[in-house]
Structures are given as C-alpha cells and as structure tokens.
Amino acid sequence: MIQTIRDIEQRIAIIKALIHNDFEPSHLEDAEFVKVLTNSVEDTYMLMNEGMCEEVAACQRCTQSRDNMRNIMDLLEDIEAGDPVTPEMAEQFRHFSVELDEMTQRLREVVAELHR
C-alpha cells in the first residue's frame with residue numbers, strides 16, 4: 001500500500017508540473033498539452049482506483065478526490081473533442097491544482113499512519 005501511495009504522489013507531481021501556478025486557459029488549446037495532461041490524469045485516476053481496492057477503508061477525502069479527478073478527465077475529453085475552453089472550465093482546472101496539493105498532503109498523512 002505504501003508503494004502505491006508513493007506512486008500516486010509521483011503521478012500527482014507530474015500533473016502539478018503541468019498545471020502550475022501560472023496556468024492559463026490558453027494551455028488547454030494546445031492539443032499536445034491536453035493529450036499529455038489527459039494521460040497523466042487517467043494514469044493517476046487508475047492508480048488511485050487500484051489503491052482503493054487494496055485498502056478497503058479508503059477515506060472519504062481520497063474517494064472524493066478520485067471522483068473529482070474523473071470530472072477533470074471528462075472536461076479533458078470535451079476539450080479533446082473540440083469544445084471551447086470556457087472561463088468555468090479554466091476555474092475548475094485552477095481548483096484542481098489546489099486539490100492536488102490537498103491530495104498530496106493527505107497521502108503523506110496516510111503513509112505516516114501506516115508507519116505507526
């Protein structure tokens with residue numbers, strides 16, 4: 001379980017590098033950027049799913065974060081399909097960046113609990 005958590009943290013770091021503090025909605029108009037971001041989010045989502053299967057008692061915060069990641073995947077699919085990036089979409093990505101920080105913190109807490 002600890003290794004799975006560390007793998008998730010590494011994947012979150014990749015997403016954070018893509019959606020950094022100076023993220024602009026125009027980044028979502030770059031097809032290659034969207035493709036890389038989509039793959040990173042999907043990989044992280046799948047790993048979180050696997051981790052939750054390993055640990056039946058997954059916390060609600062982790063489950064909610066995983067579900068929010070699914071929402072981001074849906075937005076990315078819409079963008080890949082040619083939907084224009086709206087201000088609301090851009091705001092969801094900014095919020096997602098903050099949520100990634102919260103996920104990372106929670107994962108560190110879980111690792112600390114597992115080491116007790």
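Below you will find a few notes about this structure. Numbers given to residues run from 1 along each chain, matching the order in which its sequence is written. Reporting in this predicted model follows two pLDDT cut-offs: at least 70 for local features of residues, and 80 or more for side-chain atom pairs to be given and counted; totals over whole chains, interfaces and linings ignore these cut-offs and use all residues. Excluding hydrogens and water, the side-chain figures rest on all heavy atoms present in the structure.

### A short note on the pattern of salt bridges
A carboxyl oxygen of Asp or Glu within 4 Å of a side-chain nitrogen of Lys or Arg is what we treat as a salt bridge. Under the criterion given, the structure shown has 8 salt bridges. Of the charged contacts, one joins Asp101 and Lys16 as a salt bridge, the two residues approaching to 3.2 Å between their closest N and O atoms. Of the two residues, Asp101 sits in helix H4 (residues 87–114) while Lys16 sits in helix H1 (residues 2–18), which places them 85 residues apart along the sequence. Where Arg70 meets Glu77, a salt bridge forms, and the shortest distance between an N and an O atom there is 3.4 Å. Residue Arg70 is classed as partly exposed on the basis of its relative accessible area, which comes to 28%. Residues joined in a network through salt bridges with shared partners are Arg70, Asp74 and Glu77. Secondary structure elements follow DSSP: runs of H or I no shorter than four residues count as helices, runs of E no shorter than two count as strands, and numbering proceeds from the N terminus. Throughout this description, buried means an accessible area under 20% of the type-specific maximum (1.4 Å probe, protein chains only), exposed means over 50%, and partly exposed covers the range between.

### Brief notes about the nonpolar core
Ranked by internal contacts, the top residues of the largest apolar core, which has 29 residues, are Leu28, Leu37, Val41, Met69, Leu76, Phe93 and Phe96. The set of elements that each furnish at least two residues to this core consists of H1, helix H2 (31–54), helix H3 (60–80) and H4. The dominant element in this core, judged by the number of residues it contributes, is H4, at 8 residues. Contacts are residue-level and defined by heavy atoms, with any inter-residue pair within 4.5 Å sufficient. Beyond its immediate chain neighbours, meaning those up to four positions away, Leu76 contacts Leu28, Val34, Leu37, Thr38, Val41 and Phe93. Take the buried Ala, Val, Leu, Ile, Met, Phe, Trp, Tyr and Cys residues and link them wherever side-chain atoms come within 4.5 Å; each set so joined is a nonpolar core.

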